[in-house]
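Examination of the molecular architecture
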Amino acid sequence: MNSLSPRRRVNHSLITSRRSWTTLVVAVLLAALTQGCVSVPKRTPVPDSLSKDAVIPGIPRARFWGDATPPYTDAWLAKSKEELKAEYPELFGKEHIYLAISGGGANGAFAAGLLAGSTAAGRRPEFSIVTGVSTGALIAPFAMLGPEYDSLLKEFYTTYDTKDLMHKRSIVNSLTSDAMYSTKGLETKIAEFVTEKVMQQLAEKNRQGRQVFIGTTDIDAGRPVIWNITRIAASGEPGALNLIRQIMLASASIPAAFPPVAIDVEAQGRRYQELHVDGGTSSQVFLYPAGIPWDEMVEKLEVPRAPRAYVIRNSRLDPEAAFVNRKLLPIAQRTISSLIRTQGIGDLYRIFALAQRDGLEFNLAYIPREFDAIPTEMFDTVYMQKLYDLAFELGKSGYKWSTAPPGFDSD
């Protein structure tokens, strides 16, 4: 039996509530009082009136808005056959194979394992275009470069845990800075893996006409941005390698959890800084903007058969039931998880609709329902190793890709 009387129980509840509020108020006051104690880099944001004019100095067509038709589309369609042959020597008149890799954090081990398994089975194609968002952005350049980098992806997705990639800031620093965690560890790993050699190899892919696109979100504009990593690599600009690393880091930087990445741009002769975060806040996976007349582009490139599009969703697609503790954080976490899952499925529907409209063959891979391992932290190496091994075996044994997203009839 509870030893507190009803009145004392009420008072005890009030005291507990007051303590909670007191803790929150103290935290907020500390944040207000210590604003000057934590250094947040200053920047000059792009004025809204100039956002359409902002460019990367020295690198034309380095990026475009992901929710609009690229401004150079009409000029591209006006090019002659000879111009297209020169610009896309390995794609003109040949089969096209596209790969889109979604976000998913540690679940990127699925894409890494599936690609390596396909290599082991001798079924790994050479891709014409690869796109990536968030964890997919960390994989996309290496997926384009091929089997030579399978071991690097395995190392990244089975060796490094949470403490290797991110470091939690104090509560005061979290409230007064730009994120709860520092991603210096992830930034270091990206610099270690994305070397000058990798950039030169990406530049060679660009000369062949092959392209890697990575998605970020410009949080000032509130819009998705698609970056042409291969074009940047081939630009010859002194800061190209650092820019590629910045873009990959930004695409994987979950807002509030990880710091946004400031990227230098130029508009009407003045320098500004844009803030870019996780591309997954705009789209979990993408192939190309709906405004591009892809069927016309394929026809002009004289592609002999329907292009094949492969989409890897680094997530399960079925809902996972769970009893939620009736408290703020569990409810928020569960809600965000549900939003991400449904957003990802919506993105698959969009890509499928584009494929149907433009005559592409649609192929989808995702984490099967049977995989029931549960991670104990954000980047749990035991969990990632199990997922990588599963995906590797699926790829090696001849993975049966779905030909439609959930809710549609599929082979």
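Okay, so let's go over this structure. Here the structure is a predicted model, which means the values were calculated and not measured.

Focus: the packing of helix α6 (residues 150-159) against helix α15 (residues 381-396)
The contact between α6 and α15 brings their axes to 7 Å, and the two run at 140°. Judged on the interaxial angle alone, α15 and α6 are oblique. On α15, the residues that touch K154, Y157, T158 and T159 of α6 are T381, M384, Q385 and Y388. By residue class, the composition of the contact of α6 with α15 is three nonpolar, four polar and one charged.

What to know about empty space enclosed by the protein
According to the stated counting rule, one finds two cavities of 30 Å³ or more in the structure shown. A volume near 380 Å³ is recorded for the largest cavity. Of all the secondary structure elements, the ones that give two or more residues to the lining of the largest cavity are α2 (73-77), β3 (129-133), β6 (211-218), β7 (223-228) and α13 (294-300). At three residues, the largest contribution of residues to the lining of the largest cavity is made by α13. A breakdown of the residues in the lining of the largest cavity according to their chemical character gives 19 nonpolar, six polar and two charged. Roughly 70 Å³ of volume is contained in the second largest cavity. Together, L138, F142, L152, L153, F156, Y157, K189, I190, F193, V194 and M248 line the second largest cavity. At the level of secondary structure, the elements contributing two or more residues to the lining of the second largest cavity comprise α5 (135-145), α6 and α9 (184-193). Here the lining of the second largest cavity gets four residues from one element, more than from any other, and that element is α6. By residue class, the composition of the lining of the second largest cavity is 10 nonpolar, no polar and one charged.

Points about the side chain of S251
Looking at the element boundaries, S251 is found in helix α12 (residues 240-251). Excluding anything up to four places from it in sequence, S251 contacts G132, V133, S134, A137, I214, G215, T216, V277, D278 and G279.

Section: the packing of aromatic side chains
In the structure shown here, the tally under the stated rule is 17 aromatic pairs. Here Y160 and F193 contribute two aromatic rings whose centre-to-centre distance is 6.4 Å and whose plane-to-plane angle is 50°, an arrangement assigned as tilted. Here F193 lies in helix α9 and Y160 lies in the loop between α6 and α7 (162-165), a separation of 33 residues in the sequence. Across the pair, exposure class does not vary: Y160 and F193 are buried alike. On the basis of an interplanar angle of 10° and a centroid distance of 4.1 Å, the ring pair of Y288 and W294 is categorised as stacked. When its relative accessible area of 4% is taken as the criterion, Y288 is described as buried. Put simply, the rings of F156, Y157, Y160 and F193 touch in pairs and so form one group of aromatic residues. Positioned over the ring face of W65 is R223, at 4.1 Å from the centre of the ring.

Here's the deal with the environment of A121
By secondary structure assignment, the location of A121 is in the loop between α4 (108-120) and β3. A sequence separation of 276 residues divides A121 from S397, and the C-alpha atoms of the two residues are 6.9 Å apart. Among residues more than four places away in sequence, those in contact with A121 are G395 and K396.

Some thoughts on α9
Within the sequence span of α9, burial applies to G185, L186, K189, I190 and F193. Buried residues of α9 fall within an arc of 135° about the axis and therefore sit on the same side. On its buried side, α9 packs onto α5, α6, α7, α10 (196-208) and α12.

Quick look at the pairing of strand β9 (residues 270-278)
The element β9 is extensively covered by neighbouring structure, given that seven of its nine residues are classed as buried. Pairing of β6 with β9, which is carried by three bridges, proceeds in the antiparallel orientation. Note on β9: the bridge partner recorded for D218 is H276. Linkage of strand β8 (residues 261-267) to β9, two consecutive antiparallel strands, is achieved through a turn of two residues, within which Q268 is found at a positive phi near 50°.

What counts, and at which threshold
- Residues numbered from 1 in each chain as written.
- Predicted model: local features only at pLDDT ≥ 70, side-chain atom pairs only at ≥ 80, totals over all residues.
- Heavy atoms only, no water.
- Axes fitted to C-alpha atoms, helices over the stretch in contact; angles between N-to-C directions.
- Helix = DSSP H or I, 4+ residues; strand = E, 2+ residues; numbered from the N terminus.
- Parallel < 35°, antiparallel > 145°, perpendicular 65-115°, else oblique.
- Contact = heavy atoms within 4.5 Å.
- Nonpolar A, V, L, I, M, F, W, Y, C, P; charged D, E, K, R; others polar.
- 1 Å grid on protein atoms, 1.4 Å probe; cavity = no way out; pocket = protein on both sides within 12 Å on 5 of 7 lines; lining within 4 Å.
- Points joined across faces, edges and corners; volume = space filled by probe spheres on them.
- Phe/Tyr/Trp six-rings, centres within 6.5 Å; stacked < 30°, edge-to-face > 60°.
- Buried < 20%, exposed > 50% of the residue type's maximum accessible area, 1.4 Å probe, protein only.
- Lys NZ or Arg CZ within 6 Å of the ring centre and 35° of its normal.
- Arc of directions from axis to C-beta.
- Pairing = 2+ DSSP bridges.

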